[in-house]
Amino acid sequence: MTQDEMKLAVAQAAVEYIKPKLTADSIVGVGTGSTANFFIDELAKISHLFGGAVASSEATAERLKGHGIDVFDMNSVDQMEVYVDGADEFDGRMNLIKGGGGALTREKIVADVAREFVCIVDESKKVDLLGNFPLPVEVIPMARSQVARALVKLDCMPVYREGFVTDNGNVILDLEGMQIEQPAELEATINNIVGVVTNGLFARRGADVVLMGTPNGVETIS
């Protein structure tokens, strides 16, 4: 199986996983990225089974609308049955690094509201220790240099993601060369730096279920 074939298989598995949980009033949270795009395309096939979706990015909203799926503003939704999204890395404790596409803040908001977070990945995303993939940090633009200096003091190596602006109008610093042994603690520490909006560690609210595509089929990890 190619990587795209694994992504398609895991997207199809995610639809089958969430289908029994849906009612006509259900709102589905939908993430951002290449694997999430496969999921959106499959989700459209059962759009008659649920009420609509909340998108974690403008790109996701446009893809959902293109399939005729109603997209709700997060402020109008007080509960959400399930959130389905990919990850850049995940470890054996269901901690994640997300934000390679720059949608980490909205992804974190949607994940926090959802009753269940279903993470869909191919097997290349599984690691023993998070940090090989650069950890994104969303930063208020005027605080970029200040935040970078504070991150250096934490023995991090921030690299400015040039030419990129988030849907929230902010910038990204990617932390390279990390070995993250205590993800929940690091998540909180970075978020406490003045000027940081949030970072791409999903440890305090990690995945509830991981559906992982492999050459031999989809593996469920919980």
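Located above this text is the structure these notes cover.
Conventions used here
- Residues numbered from 1 in each chain as written.
- Predicted model: local features only at pLDDT ≥ 70, side-chain atom pairs only at ≥ 80, totals over all residues.
- Heavy atoms only, no water.
- Salt bridge = Lys/Arg side-chain N within 4 Å of Asp/Glu carboxyl O.
- Helix = DSSP H or I, 4+ residues; strand = E, 2+ residues; numbered from the N terminus.
- Buried < 20%, exposed > 50% of the residue type's maximum accessible area, 1.4 Å probe, protein only.
- Core = buried A, V, L, I, M, F, W, Y, C linked by side-chain atoms within 4.5 Å.
- Contact = heavy atoms within 4.5 Å.
- Polar contact = N/O pair within 3.5 Å; in protein donor to acceptor, adjacent residues only side chain to side chain.
- Pairing = 2+ DSSP bridges.
- Axes fitted to C-alpha atoms, helices over the stretch in contact; angles between N-to-C directions.
- Patch = residues over 30% accessible without salt bridge, like charges linked within 9 Å, V, L, I, M, F, W, Y side chains within 5 Å.
- Areas by Shrake-Rupley, 256 points an atom, 1.4 Å probe, with all protein chains shown as cover.
- Arc of directions from axis to C-beta.

Visitor: Is there a simple way to explain the pattern of salt bridges in this structure?
Guide: Two side chains of opposite charge can pair, provided their charged atoms sit close to one another. As enumerated under the stated definition, the model contains 13 salt bridges in all. Among the ionic pairs, Asp 85 bridges to Lys 98, the shortest N-O distance being 2.6 Å. Taken as a pair, Asp 85 in strand β3 (residues 80-85) and Lys 98 in the loop between β5 (96-97) and α4 (104-113) lie far apart in primary sequence, 13 residues in all. By the burial criterion, Asp 85 is buried, and Lys 98 matches it. One salt bridge connects Glu 187 with Lys 108, and the closest N-O pair in it is separated by 2.9 Å. With Glu 187 in helix α6 (residues 183-191) and Lys 108 in helix α4, the pair connects residues that are 79 residues apart, well separated along the chain. Comparing Glu 187 with Lys 108, the two get one shared label, buried. Counted as one network, the salt bridges with shared partners bring together Asp 85, Lys 98 and Glu 107.

Visitor: Would you take a moment to explain the nonpolar core for this structure?
Guide: Soluble globular proteins: nonpolar side chains tend toward being buried together. By size, the foremost hydrophobic cluster in this structure holds 25 residues, and its most contacted members are Val 28, Phe 39 and Leu 43. Elements supplying a minimum of two residues to this core: α1 (3-18), β1 (27-30), α2 (34-43), β2 (52-55), α3 (58-66), β3, β6 (114-122) and β12 (209-214). Considering every element that reaches this core, the biggest residue donor is α1, with five residues. In this view, Phe 39 contacts Ala 11, Ala 14, Val 15, Ile 18, Val 28, Val 30, Val 84 and Ile 120; residues no more than four positions away in its chain are not counted.

Visitor: I keep staring at the side chain of Asn 170 and nothing clicks. Help me out?
Guide: Along the polypeptide, Asn 170 turns up in the loop between β8 (158-160) and β9 (171-175). Residue Asn 170 is classed as buried on the basis of its relative accessible area of 8%. At 2.9 Å, the side chain of Asn 170 and the side chain of Glu 138 are in polar contact. For Asn 170, the contacting residues outside a window of four places in its chain are Glu 138, Val 139, Ile 140, Pro 141, Phe 164, Val 165 and Val 197.

Visitor: Please explain the sheet that holds β9 as it appears in this structure.
Guide: Within a sheet, neighbouring strands are paired by backbone hydrogen bonds and run either parallel or antiparallel to one another. If you walk across this open sheet you meet the four strands as β8-β9-β7-β10, and the pairing is antiparallel. The sheet is open, and its two borders are formed by β8 and β10 (196-199), each paired with just one other strand. Between one strand axis and the next, the sheet turns by 30° as a mean value, whatever way the strands run. With three bridges joining them, strand β7 (residues 135-139) and β10 adopt antiparallel strand pairing. From the neighbouring strand, Glu 138 faces β10, where its bridge partner is Thr 198. Strand contacts of helix α5 (residues 144-153): β7, β8, β9 and β10, with the helix running at about 15° to β9, the strand carrying the most contacts. Strands in contact with α6 are β7, β9 and β10; relative to β10, the strand with the most contacts, it is inclined by about 165°.

Visitor: Hey, could you run me through the environment of Ala 24 in this one?
Guide: Turning to its location among the elements, Ala 24 is positioned in the loop between α1 and β1. Residue classification places Ala 24 among the exposed positions, given a relative accessible area of 60%. The spacing of Ala 24 and His 48 is 24 residues in sequence and 7.7 Å in space, taken between C-alpha atoms. In contact with Ala 24, not counting residues within four places along its chain, are Leu 49, Phe 50 and Gly 51.

Visitor: Looking at this model, I keep getting lost on a nonpolar patch on the surface. Mind explaining?
Guide: Together, Ile 140, Met 142 and Val 197 line one region of the surface with nonpolar side chains, adding up to about 300 Å² of accessible area. By secondary structure assignment, the location of Met 142 is in the loop between β7 and α5.

Visitor: Explain α5 here, please?
Guide: Helical geometry: 3.6 residues make up each α-helical turn, so side chains three or four residues apart lie on a common side. Of all the positions in α5, only Val 147, Ala 148 and Leu 151 are classed as buried. When α5 is viewed along its axis, its buried side chains cluster within an angular range of 105° and face the same direction. Exposed residues lying more than 90 degrees from the buried face of α5 are Arg 149 and Lys 153. On its buried face, α5 sits against β7, β8, β9, α6 and β10. The first or second residue beyond α5 is Asp 155, which carries a positive phi of 65°.

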